[in-house]
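Here is how the chains run, residue by residue.
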Number of protein chains: 2
Amino acid sequence: MTVQDYIQSNRSRFIDEWASLIRIPSISCQPEHQPDMVRCAERWVELLLAAGCQQARVMPSDGNPFVYAEYRCANPNAKTVLVYAHYDVMPVEPLELWHSNPWEPSIRDGRLYARGADDDKGQAMIQVKAFEYMVQNGLMQCNVKFIFEGEEEIGSPSLEKFITVHKDLLQSDIILVSDTTMVDKDIPSITTGLRGLAYWQIEVTGPNRDLHSGHFGGAVKNPAIALCEMLAKLIDDKGHVTIPGFYDKVLPIPAEERRMIADIPFSEENYRQAIDVDALCGEEGYSTLERNSCRPSFDICGMWSGYTGEGSKTILPSKAYAKVSCRLVPNQDNEEIAALFVQYIKELAPAGVRVEVTPLHGGQGYVCPIDIPAYRAAEKGFEVAFGKRPLAARRGGSIPIISDFERVLGQKTILMGFGLEQNAIHSPNESMDLDVWEKGIVAVSEFYRHFA
Amino acid sequence: MTVQDYIQSNRSRFIDEWASLIRIPSISCQPEHQPDMVRCAERWVELLLAAGCQQARVMPSDGNPFVYAEYRCANPNAKTVLVYAHYDVMPVEPLELWHSNPWEPSIRDGRLYARGADDDKGQAMIQVKAFEYMVQNGLMQCNVKFIFEGEEEIGSPSLEKFITVHKDLLQSDIILVSDTTMVDKDIPSITTGLRGLAYWQIEVTGPNRDLHSGHFGGAVKNPAIALCEMLAKLIDDKGHVTIPGFYDKVLPIPAEERRMIADIPFSEENYRQAIDVDALCGEEGYSTLERNSCRPSFDICGMWSGYTGEGSKTILPSKAYAKVSCRLVPNQDNEEIAALFVQYIKELAPAGVRVEVTPLHGGQGYVCPIDIPAYRAAEKGFEVAFGKRPLAARRGGSIPIISDFERVLGQKTILMGFGLEQNAIHSPNESMDLDVWEKGIVAVSEFYRHFA
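The sections below set out a description of the structure shown in this document.

Reading the values: the criteria
- Residues numbered from 1 in each chain as written.
- Chains lettered and ligands numbered in written order.
- Predicted model: local features only at pLDDT ≥ 70, side-chain atom pairs only at ≥ 80, totals over all residues.
- Heavy atoms only, no water.
- Contact = heavy atoms within 4.5 Å.
- Buried area = accessible area lost by both parts, 1.4 Å probe.
- Salt bridge = Lys/Arg side-chain N within 4 Å of Asp/Glu carboxyl O.
- Axes fitted to C-alpha atoms, helices over the stretch in contact; angles between N-to-C directions.
- Helix = DSSP H or I, 4+ residues; strand = E, 2+ residues; numbered from the N terminus.
- Parallel < 35°, antiparallel > 145°, perpendicular 65-115°, else oblique.
- Left-handed = near helix turned anticlockwise from the far one by under 90°.
- Core = buried A, V, L, I, M, F, W, Y, C linked by side-chain atoms within 4.5 Å.
- Buried < 20%, exposed > 50% of the residue type's maximum accessible area, 1.4 Å probe, protein only.
- Pairing = 2+ DSSP bridges.

So, the interface of chain B and chain A
One widely used convention gives an interface's size as the accessible area the parts lose upon coming together. Opposite the 89 residues of chain B that make contact, chain A presents 89 residues. Surface buried jointly by chain B and chain A totals about 7400 Å² across both partners, of which 55% is contributed by carbon and sulfur atoms. Three residues stand out in chain B for area buried against chain A, namely B:H215, B:M303 and B:K313, and they jointly supply 9% of the buried area on that side. Summed over the shared surface of chain B and chain A, the number is zero salt bridges.

As structure tokens, this is what we get:
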């Protein structure tokens, strides 16, 4: 049976199984969802056993549990593939912007809408269903191990220790991850580079309580203004991040890579219109695709101070907070950048306020070689599924664990990702293109054929 | 019976009546409290009748109702005093910082703690209890009218129309208001000037949805950064507000007034320590007391954008908001300043974002003469109650309606306020010093004696 026929015969069961995962709100950054993390891990164990694994189990860690599953094929010389995915998801706020319940899949115009439709429950299902097809049809010539974690969206705090302790169990010939995007639906691509991440919370404290802005305004430093002053200084008028030393280890983008990027079919006008802004902005001297993938960046992810309710409360707030992050490029070290950031922010703090910085998240960038057998097998898989040779593309997101895998397990990772920008991961109305999803299953099954 | 004896004989009833007002959460800026506004107005009607008014009623307006009450004395040539107060209060968030329930008075160390303990339920009680003493003991030689509103904390949107329509009903020889502070418990003072206010909400819109900060960061203008950049430009490094034309109508502080201010016993060190900051800041060339009362100022009262929950959501937000205000000085027009502000903010908006400004609140400053009989009577009242002649002091807060009274009713207002900075109005753990509160009743009753 061809993989396409297998998908069509089992399509409604695939969707039902996917839905059973989506209905579990496994939000890792909200402690009240802890029981959902365990439920979601247990559900994956059931699905992995049903797909054909000989064993699967929930394994404890210092944080949310891991899912581990294993398939051993008859051939004693078979290569081993380690498939990593994550079963946790992002929060869903602001809820009022969702057109359907984020915890109940809704299929409209060939897309499945739900939190986790893509990131990463939908992409993990591609891996598991491609595996199932190969095993159930007697085609699988590789050993396969699955390791699914429940803390990816909060920076994988337990992963490094877990893979260190279970290093032998996790030995493989290549690691396979579906958690990235393609350039476009008709432009298949394999992510060969990722940005690192450093994420902090800043707390600015002014007076010891909210003050009446009439009685104190003009005589006391306003911590919200102090925070704005500090954050406004972090990017200069040429779009450079101003943290001293920030660019010291950034490697220039090779001329050949810049040419490849320039050759990617990409409409800046479509990109601008899709997000509805009047202009695109960023670091002087770089194109949009370079800015969002090969160059480091600074963003405010959240910010709050004082009165945020209805109407006009006239206070001078005691506190102001921001959640900020830098996307880093390979060779920038997130811990070095964190140290530079903390020092700089404290230098920027004006008289009259105190500033605390708490690191929340960090990870290194990653570059994957394109001349290894596993990359070639993945390339072949995309070519069969999408009818075109995929581009090798650096992407702007971060999967900090990929560099942990390389360091701890000594293995490279192939990023066979089937997301699309319009899937709106982390946002309201996250979705997955079902046509791409099915092609993903084809591509991964072809990967196994060619890698074996 | 002396006023002191009357207070002691009736003290527990006074506190009970005060508590019955505090228990009604009359928060005017939160629409769900609308029924509480009506309940609070009705409770005041009961208390004003019980205190000795011959008539009292709730009167409808375009917004929350007004309370009107009247006492007419036997003497046909008696002067008429119009007492204004407000029965609405500020929100209580953040609730976790309160040491006791804000809606249930708690007496600790000679202070009564609750939302409205001072502003303005506590101060309005001073007025009503002084009135009650005079009437119940056959001493009142003035006609008295009371007008209490329920929208002071949201900028009194219905007041101007109400006093215009009811101009004849509200005719008086002087207006008396207890809603201001004294310099200190041992330094009685009468507020002779107030600052005006202009309050706006700014909405900055970047992309049409929250974006993944990895996929877009570096290529799209972050609206929270844009907001910080704009707000950081509103005060320069000498503490001046940078809105073009902002200072055009600001009159210099007269040399004599600067000398008077310099003579006020005021410890900058105590002021700094009380709010626990390492330095006081403000406009270059002015003292702290000048900065917070005689000079205009700019503050951020609230600010929010993106993800503000626990953990680290990696987004580039779609929206960023701020609630900002200027305190203005007499002769600055709040509508002119609003026009200048809106124009300047739009000029500051960088490419890649759209900016909207919504005016929320506005009012003019005020100056009161110190050579009129009513001022002299008030001065005498403070002197009897506190044992010292009160200072004439300009204060930094705003009671925009005072200038409306002057324009519409043609009458000056005497600000007999008994608040203290440490009462923490608008903040968690608002309180009233019960010793000062009793002296306030003495002072107001003495005002009636000397004004009659």
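Points about the packing of helix 3 (residues 121-136) of chain A against helix 13 (residues 434-451) of chain A
Residues and elements named next belong to chain A. Interaxial distance between helix 3 and helix 13 falls to 8 Å at its minimum, and their mutual angle equals 50 degrees. Regarding the angle of helix 3 to helix 13, the classification is oblique. The chirality of how helix 3 crosses helix 13 is right-handed. Contacts between helix 3 and helix 13 involve G122, M125, I126, Q127, K129, A130, F131, Y133 and M134 from the former and W437, G440, I441, V444, S445, Y448 and R449 from the latter.

Quick look at the side chain of B:R295
Mapped onto the elements of the fold, B:R295 is located in the loop between helix 9 (288-291) and strand 11 (297-306). Look past the residues within four positions of B:R295 in its chain and what remains in contact with it is B:R195, B:Y247, B:V250, B:I253, B:E283, B:Y286, B:E290 and B:V329.

Remarks on the nonpolar core
Looking at soluble globular proteins, one finds that nonpolar side chains tend to be buried together. Membership of the largest hydrophobic core comes to 94 residues, with the highest contact counts inside it found for B:W44, B:F146, B:F148, B:M416, B:F447 and B:Y448. Top element by residues in this core is helix 13 (residues 434-451) of chain B. It accounts for 10 residues. In terms of nonpolar packing, the next biggest core, distinct from the first, is built from 93 residues, A:V67, A:F131, A:C368 and A:A378 among them.

Describing the pairing of strand 13 (residues 319-328) of chain A
Residue and element names in this part refer to chain A. Of all 10 residues in strand 13, nine are buried; the element is thus mostly enclosed. As paired elements, strand 9 (residues 196-205) and strand 13 share 10 bridges and run antiparallel to each other. Considered in strand 13, the bridge of L197 is made with R327. For strand 11 (residues 297-306) and strand 13, the ladder comprises eight bridges, and the chain directions are antiparallel. Residue M303 lies in a different strand from strand 13, and its bridge partner there is A322.

Keep in mind that these numbers describe shape and distance, not what the molecule does.
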